[in-house]
Amino acid sequence: MKVAPMQTQAAVIASLVSDSSRSAMLTAMLDGRYHAAGELARMAGIQAQTASFHLAKLTEAGLVAVEKQGRHRYYGIASPEVARVLESLLSIAPPAPIQSLRQATEDQALRVARTCYDHLAGSLGVRLTQCLVRTGVLAEGDGTFEVTAEGETVLNRFGVDIDRARSKRRSFSHKCLDWSERQHHLAGALGNAILERLMELGWVERSPQSRAVKVTAKGRAGLKDTFALDVNAEEGTS
């Protein structure tokens, strides 16, 4: 039986993602930032030359984008759509084996709160989304979240420009299946706008070492007052 071109391309992508080294680098890039090849090599536990070979393959397939600054190259996930597929794969993949205290600590931090490409994920992302639904800011649709009339007022008051988020050439507010919580969190341009506002206010801070984020003391108070989200002191706060 002749294989259709689309099936062939799907097999190519599956083959690229199935490699453990490439998968490790792609997962690292889900923090939404651009990384040097050497940094990604260290994260994947491989030689820099090997990392460069894998990154060339991923770039050629359109999974990874490259930004050049002088003589240096930096690599990141090519689009929100790629990130969405990768996060979906993580949600059905078996948990990675924990072999050290450091890995256990990092894994716990990621489960509590992390970035999923450019929006908030983990327990914090899911709980914030649930609060937005419960308080009437969002209404659940089929595969999406809809902003209510009251929600537009709340989010605009919070400092999120709804019209600007809607004008972006991407999904506005789709559901993203959280790999650690197995529930949906808010993604798309709106999810990104909310995360950016949380960081702008100093309510959450990125970890310099991973995708993990922490809620600050200021953020803990702000999330409770603004969205009725009670973040316990032990849950990703600083």
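Refer to the structure presented above.
Parameters at a glance
- Residues numbered from 1 in each chain as written.
- Predicted model: local features only at pLDDT ≥ 70, side-chain atom pairs only at ≥ 80, totals over all residues.
- Heavy atoms only, no water.
- Pairing = 2+ DSSP bridges.
- Helix = DSSP H or I, 4+ residues; strand = E, 2+ residues; numbered from the N terminus.
- 1 Å grid on protein atoms, 1.4 Å probe; cavity = no way out; pocket = protein on both sides within 12 Å on 5 of 7 lines; lining within 4 Å.
- Points joined across faces, edges and corners; volume = space filled by probe spheres on them.
- Buried < 20%, exposed > 50% of the residue type's maximum accessible area, 1.4 Å probe, protein only.
- Axes fitted to C-alpha atoms, helices over the stretch in contact; angles between N-to-C directions.
- Parallel < 35°, antiparallel > 145°, perpendicular 65-115°, else oblique.
- Contact = heavy atoms within 4.5 Å.
- Nonpolar A, V, L, I, M, F, W, Y, C, P; charged D, E, K, R; others polar.

Caption draft 1: Broad picture of the pairing of strand β2 (residues 64–69). Sheet analysis places β2 next to strand β3 (residues 72–77), joined by 6 bridges and oriented antiparallel. Paired with lysine 68 across the strands is arginine 73, a residue of β3.

Caption draft 2: Here's a closer look at empty space enclosed by the protein. Summed over the entire model, instances satisfying the criterion amount to 3 cavities of 30 Å³ or more. Approximately 80 Å³ is the volume attributed to the largest cavity. Taken together, Leu120, Gly125, Leu128, Thr129, Leu132, Leu186, Gly191, Ile194, Leu195 and Leu198 make up the lining of the largest cavity. Counting residues per element, the ones that place at least two in the lining of the largest cavity are α7 (122–134) and α10 (188–200). Considering only enclosed or pocket space, the second largest cavity measures out at about 50 Å³ in volume. In this structure, the second largest cavity is lined by Pro80, Ala83, Arg84, Cys116, Tyr117, Asp118, His119, Arg170, His174, Cys176 and Gly188. The leading source of residues in the lining of the second largest cavity is helix α5 (residues 80–92), at 3 residues.

Caption draft 3: Looking closely at the sheet that holds strand β1 (residues 35–36). If you walk across this open sheet you meet the 3 strands as β1-β3-β2, and the pairing is antiparallel. The open sheet has two free edges, formed respectively by β1 and β2, since each of these has just one partner strand.

Caption draft 4: View of the environment of valine 160. Within the element layout of this structure, valine 160 appears in the loop between α8 (149–158) and α9 (162–167). On the accessibility criterion, valine 160 (3% relative accessible area) is buried. In this structure the C-alpha to C-alpha distance between valine 160 and leucine 195, which are 35 residues apart in sequence, comes to 9.7 Å.

Caption draft 5: Up close: the environment of alanine 228. Within the secondary structure, alanine 228 sits in the segment after α11 (217–227). Given the relative accessible area of 46%, alanine 228 is considered partly exposed. The sequence separation of alanine 228 and arginine 134 amounts to 94 residues, and the corresponding C-alpha distance is 9.6 Å.

Caption draft 6: Up close: the pairing of β3. As paired elements, β1 and β3 share 2 bridges and run antiparallel to each other. When the sheet's bridge partners are listed, alanine 36 is paired in β3 with tyrosine 74. Between β2 and the antiparallel strand that follows it, β3, lie 2 residues; glycine 70 among them carries a positive phi value of about 65 degrees.

Caption draft 7: Broad picture of the packing of helix α6 (residues 101–112) against α7. Two numbers describe how α6 lies on α7: the axes approach to 3 Å, and their chain directions differ by 10 degrees. The orientation of α6 with respect to α7, classified from their angle, is roughly parallel. Touching Leu110, Arg111 and Val112 of α6 are Gly122, Ser123 and Leu124, all from α7. Class assignment of the residues belonging to the contact of α6 with α7 gives a composition of 3 nonpolar, 2 polar and 1 charged.

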